[in-house]
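# Breakdown of the fold
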Amino acid sequence: MKNYALVVLSTFLFFFNGAANKLNISSVVKEYCSHCNNGNQLKDKTDFIHQLHSDLKTLSPSLLQLKLNEAFVSNKALKNDTVNYLAHLALVYTLDALKLRKEAIQSIELIRSKWPKLSKEIDVYLQTEVGNNYLELQFYDQALKYYKGLLKDSSFKKSEVPKDAIFIGIGLCYQYREVSNLDSTEFYFLKALQYQENWNKKDNLALTYQNLGSLYFEKYDDKKAKLYWLKGLQLNGGVTVNIESDLNYNLADLYESEGNSTKALHHYKQYVKYQDSIWNRDKLWELAEQKRKFEGELKEQRIQSLKKDKALQQAEIEKKQNQRNALLGLTGALVLLGSAITVLYRSTKKKNEVISQQKEHLDELNATKNKLFSIVAHDLRAPVQALGRNNQKLQSKVLEKENTELADLLKQNKQGIESTYKLLDNLLHWSLSQAEELYFQSESVDLRRIIEQVEYNYKPLLREKKIEFLLELYNETLIKADINTLKIVFRNLLDNAIRFTPENGYIRIYLVKETLGELIVSFEDSGEGVEAEKKSILFAIPSEKKSVSTQKKNGAGLGMYLCKELMQKNGGDIQLNDDYEGGAGFILTFKKA
Amino acid sequence: MEKLHVLVIEDEADNFDLLKKELEAFEYEVSHADNLKDALGLYYTISPDIVIVDIFLHGQKDGIEFARKICENPSTLRPFLFLTSASDRNTFSEAKLTGPYSYLIKPFNPLELEYAIELAIEKYNDEVINLGVQTGYSSCFLVKKQNKMFKIEPKELDYIKVESRYCELYSGKEMYVVQSSLKEMLHKLPENLFVRIHRNYLVNFKQVKEIAAQDATVILKDGTELLLSRRYLDEIKKHVQVIS
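If you're wondering where the values come from, they're calculated on a predicted model, not measured in any experiment.

This brings us to the overall build of chain B. A tally of helices and strands in chain B yields 7 helices and 16 strands. Across the 244 residues of chain B, 53% fall into the buried class. A separation threshold of at least 6 residues defines the contact pool for chain B, and within that pool the share at least 24 residues apart is 56%. Approximately 11,700 Å² of chain B is accessible, and the part contributed by carbon and sulfur atoms is 47%.

Glancing now at the packing of aromatic side chains. Residues and elements named next belong to chain A. Counted by the stated rule, this structure contains 20 aromatic pairs over all chains. For the ring pair Tyr216 and Tyr228, a centre distance of 5.8 Å and an interplane angle of 10° mean the geometry is stacked. With Tyr216 in helix H12 (residues 202-218) and Tyr228 in helix H13 (residues 222-234), the pair connects residues that are 12 residues apart, well separated along the chain. A single burial state applies to Tyr216 and to Tyr228, both of which are buried. Measuring from centroid to centroid gives 6.3 Å for Phe539 and Phe586, while their planes differ by 70°, and the two rings are edge-to-face.

Here we take up the sheet that holds strand S7 (residues 141-145) of chain B. Residue and element names in this part refer to chain B. With antiparallel pairing, the 3 strands of this open sheet are ordered in space as S1-S8-S7. Since the sheet does not close on itself, it has two edges, and those belong to strand S1 (2-3) and S7, each with one partner. One ladder, built from 5 bridges, connects S7 with strand S8 (residues 148-152); its direction is antiparallel. Looking across to S8, one finds that Phe141 is bridged to Ile152.

Once that is clear, we can look at the side chain of A:Asp495. Residues and elements named next belong to chain A. Note on placement: Asp495 falls in helix H19 (residues 483-500). Judged by its relative accessible area of 10%, Asp495 is buried. Setting aside chain neighbours within four positions, we find Asp495 in contact with Lys422 and Tyr458.

By a widely used convention, the size of an interface equals the accessible area lost when the partners come together. Contacts between the two partners involve 34 residues from chain B and, on the opposite side, 35 residues from chain A. Both sides of the chain B and chain A interface together cover about 3,100 Å² of buried area, and 45% of this is carbon and sulfur. When the area that chain B buries against chain A is broken down by residue, the three leading residues are B:Tyr115, B:Arg199 and B:Arg231, summing to 26%. Across the chain B-chain A interface, the total number found is 4 salt bridges. Salt-bridge contacts for A:Lys487 lead to B:Glu112; the nearest nitrogen and oxygen are separated by 2.9 Å. Across the chain B-chain A interface, the total number found is 9 residue pairs in polar contact (both at pLDDT 80 or more). Those elements giving two or more residues to the side of chain B that touches chain A turn out to be helix H4 (89-96), strand S6 (102-105), helix H5 (110-131), helix H6 (182-188) and strand S12 (194-198) of chain B.

On to the confidence of the model for chain A. All names here are of chain A. Averaged over every residue, the pLDDT of chain A is 80; the share at 70 or more is 87%. Across residues 1-23, where pLDDT falls below 50, the model places 43 contacts with residues more than four positions away in sequence or in other chains. Long-range and interchain partners of residues 544-556, a stretch whose pLDDT sits below 50, account for 33 contacts in this model, where long-range means more than four residues apart.

Take a nonpolar patch on the surface next. On the surface, B:Tyr166, B:Met175 and B:Val177 cluster together into a nonpolar patch covering about 260 Å² of accessible area. Taking relative accessible area as the criterion, B:Met175 reaches 38% and is therefore assigned partly exposed.

If you look at the biggest cluster of nonpolar residues, it comprises 52 residues, and the most contacted ones within it are A:Ile111, A:Leu135, A:Tyr147, A:Ile170, A:Cys173, A:Leu212 and A:Trp229. Ranked by size, the runner-up nonpolar core spans 51 residues in total, among them A:Trp430, A:Ile450, A:Val454 and A:Ile507.

Time to look at the packing of helix H6 (residues 101-114) of chain A against helix H7 (residues 120-136) of chain A. All names here are of chain A. The contact between H6 and H7 brings their axes to 9 Å, and the two run at 155°. The angle between H6 and H7 falls in the class roughly antiparallel. When you trace H6 past H7, the crossing you get is left-handed. Facing H6, whose interface residues are Arg101, Ala104, Ile105, Ile108, Glu109, Ile111 and Arg112, H7 presents Asp123, Leu126, Gln127, Glu129, Val130, Asn133, Tyr134 and Glu136.

Take H19(A) next. Given a rise of 1.5 Å per residue, 18 residues ought to cover 26 Å, and the 26 Å separating the end C-alpha atoms of H19(A) matches this to within 8%. A large share of H19(A) lies buried, amounting to 16 of its 18 residues.

Residues and elements named next belong to chain B. As summarised here, the arrangement of the 5 strands in space is S11-S10-S9-S13-S12, forming an open sheet in which the pairing is antiparallel. Of all the strands in the sheet, the pair left with one neighbour each is strand S11 (174-179) and S12. Strand-to-strand twist in this sheet, taken as the mean axis angle between neighbours without regard to direction, amounts to 25°. Pairing of strand S9 (residues 159-162) with strand S13 (residues 201-204), which is carried by 3 bridges, proceeds in the antiparallel orientation. By the bridge assignment for S13, Lys161 is matched with Tyr201.

Moving on, we get to the environment of B:Cys167. All names here are of chain B. Tracing the backbone through its elements, the reader meets Cys167 in strand S10 (residues 166-171). The class of Cys167 is buried, set by a relative accessible area of 0%. Residues Cys167 and Gln179, spaced 12 residues apart in sequence, show a C-alpha to C-alpha distance of 6.3 Å. Apart from residues no more than four positions distant in its own chain, Cys167 is found in contact with Ile160, Lys161, Val162, Tyr176, Val177, Val178, Ser180 and Met185.

With that settled, the discussion passes to the pattern of salt bridges. Should the charged atoms of two oppositely charged side chains come close, the side chains can pair. Residue and element names in this part refer to chain A. Enumeration according to the criterion identifies 30 salt bridges over all chains in this entry. The closest approach of N and O atoms between Arg101 and Glu136, which form a salt bridge, is 2.6 Å. Highlighted residues: Arg101 in helix H6 and Glu136 in helix H7, separated in sequence by 35 residues. There is no split in this pair, since Arg101 and Glu136 are both buried.

All right, on to a negative patch on the surface then. Together, A:Glu476, B:Glu122, B:Asp126 and B:Glu127 give the surface a local cluster of negative charge. Within the secondary structure, B:Glu122 sits in helix H5. According to the relative accessible area criterion, B:Glu122 is partly exposed, its value standing at 47%.

Now for the side chain of A:Ser526. Residue and element names in this part refer to chain A. Looking at the element boundaries, Ser526 is found in the loop between strand S5 (518-525) and helix H20 (558-569). Among the polar contacts listed, one links the side chain of Ser526 to the backbone nitrogen of Tyr506, at a separation of 2.9 Å. Residue contacts for Ser526: discarding those within four places in its chain leaves Thr501, Pro502, Gly505, Tyr506, Tyr580, Gly582 and Gly583.

Right, let's talk about the pairing of S8(B) for a bit. All names here are of chain B. Counted residue by residue, S8 has 4 buried out of 5 residues, so it is predominantly covered. Both S1 and S8 contribute to a ladder of 2 bridges, which runs antiparallel. Within the sheet, the bridge partner assigned to Lys3 lies in S8 and is Phe150. Linking two consecutive strands that pair antiparallel, namely S7 and S8, is a turn of 2 residues; a positive phi of about 50° is found at Gln146 within it.

About the criteria used
Residues numbered from 1 in each chain as written. Chains lettered and ligands numbered in written order. Predicted model: local features only at pLDDT ≥ 70, side-chain atom pairs only at ≥ 80, totals over all residues. Heavy atoms only, no water. Helix = DSSP H or I, 4+ residues; strand = E, 2+ residues; numbered from the N terminus. Buried < 20%, exposed > 50% of the residue type's maximum accessible area, 1.4 Å probe, protein only. Contact = heavy atoms within 4.5 Å. Areas by Shrake-Rupley, 256 points an atom, 1.4 Å probe, with all protein chains shown as cover. Phe/Tyr/Trp six-rings, centres within 6.5 Å; stacked < 30°, edge-to-face > 60°. Pairing = 2+ DSSP bridges. Buried area = accessible area lost by both parts, 1.4 Å probe. Salt bridge = Lys/Arg side-chain N within 4 Å of Asp/Glu carboxyl O. Polar contact = N/O pair within 3.5 Å; in protein donor to acceptor, adjacent residues only side chain to side chain. pLDDT = per-residue confidence, 0-100. Patch = residues over 30% accessible without salt bridge, like charges linked within 9 Å, V, L, I, M, F, W, Y side chains within 5 Å. Core = buried A, V, L, I, M, F, W, Y, C linked by side-chain atoms within 4.5 Å. Axes fitted to C-alpha atoms, helices over the stretch in contact; angles between N-to-C directions. Parallel < 35°, antiparallel > 145°, perpendicular 65-115°, else oblique. Left-handed = near helix turned anticlockwise from the far one by under 90°. Expected span 1.5 Å × (residues − 1). Lys, Arg positive; Asp, Glu negative; His and termini not counted. Charge placed at Lys NZ, Arg CZ, Asp CG, Glu CD.

Okay, structure coming up:
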């Protein structure tokens, strides 16, 4: 698979160079140059720009680079900002053309830091170049950073930069970086495709088809892979041989794994044919490249000597700069002092506002807490008192040896202890959550299995009341939540449902729908449902609300309030399902993993 | 195929007995230590497959200390999970510093125990793959047979079929499905044992009987025929004699 990936990437790089020469930095530099050339500049500057303008047209990149390097060392005209800027841009062009990627990135970063206020339009081109260069160096994370920055940039949308290339660049980054994200790749490739189909750029289009095909192939979606590869071949003509060759190779392989050897052979032959022509072309290029290298080496020595002169001049410039900097520093300090005083005044004012807001919030919380404590105290006292009374009765029954009544009393005690324990448990979790002390770790969990785990403890109760438990969720219904709090929610829901559902009833949990980021689940029982007047306060902080169960109900109704709070903490929600009339029904929303 | 070996570190005998019973019902082999020193000694001698450790041992947070110690050496690290009766943040904030872990809050039922163990292994595997650490342990596959977990070594496998999100492991007449991408799979397999013959197939070349390049098939010793892709032929030739 690795070799194969390299085939795709190398093709892409080839394409990109072509695009760079046609559309990117060179045309920008040329255009900007002629623009300045026509403007009213001083004489010595004009000369330089004029010369640069014609050099860009006539000289080879390597020669131009030499000439520019000389200019940086010696030319006085470069002390003018515009001219200097222009010369740097031209240097970037030469570095790009010579495929000196690291140097190009350095140069661009120098320009962007030296002239931060330069034209937004040109900055977009520069950023694109940095992204492209990082991509070709296979520094995918850096490339992504630049591309993504561009997408957010408003001037990028308006500019003439070929946007499909950016989308493809992003897609490739996602595909080849350490932790690949093929879904994102697909998204960006399709975006590029949309753009290209509108503009009908054949070469780019073919390449995108090739990339998309490979992507689907890697995702084991052979049908789509074949579709796009064939589309690529159907473009017919005007498409670079490399791409056609790759398309044929891939199709041959795909047909082979399908067992269609006739078609596989056909495409393989085509591939071999294209390989031959590529080889011929590459040989020619190699020769040209060697010639260019030779030229470059001749001039290298000349540069070395010029560099020394440049260093001397640089020292002189630095001295002058130091003097200027000292003056600037003094002014800056004064301005800083002034603004510091203003800021201090403002922050004090703002702090006071915040404090009064916080006070209001705290008062509110405190009132809630007090209310809750009084209820809890009452709800806890009653069952504990009942336990005490029962114990006294037990004592006397033991003496009287009335075994049937003993069993009855013990059963009552057991129920009392259980419900009090549940209340205490809820209370503990509520207080932990209020104090932000509850351990909370959101992770990918299987909702079905969590519900099964909670239900396990209620099995005896469900059996006793002959309640049917219907869990209609898929295996691996993955949501994003904290396991412990999720269990508290379902413990409360199940506990209530079992209490309010008569014998031979049912409890049903099923998936209602799935949206892009959410999972909607319904929780229903066949009990008596929520009374009309209780509906509006069901999830509120419990006050004196009470309800009568089919058996005996205890508890302060803290449970539902806790459910709401914990569901929201997990990024979801719980609501009463008013449409369900067979009992109590809830709609639960979860964040998908 | 082997049973999974669990090391339980728990100071209360009652709790351990309960846990042991449940673990044995899942067909795990159980070892036990009740203090930090014994636990570390046992950990390095028996190299368990999973560790279940109570956060509090004899009133100290020695469980966390244990985890911290074993995390110091990633190459011998095994999946572990904390046992605790508290759900407050203070207890967990220290535990969180100890690397990949999951937890189980007392009291728990068998389903919760099973899930926590699976989660611990899953997290461990993610971590190991992200770090690219070779742990020796990571080369085993944990497979489920009738809802019980066992481990199986790569050399026991005949071939592997790779699908987009899971892999099918074939060993003799058995087939196990594991959730693993190709990348994870390649990370796990020892390099000198498996060779890729097709984008869907990795084969244990000790099990290969012959390779028929012309028919684009690989025939295994047990007679199974697998598809072969020319793309991987060069790679295959390094390992096996090709008959064409």
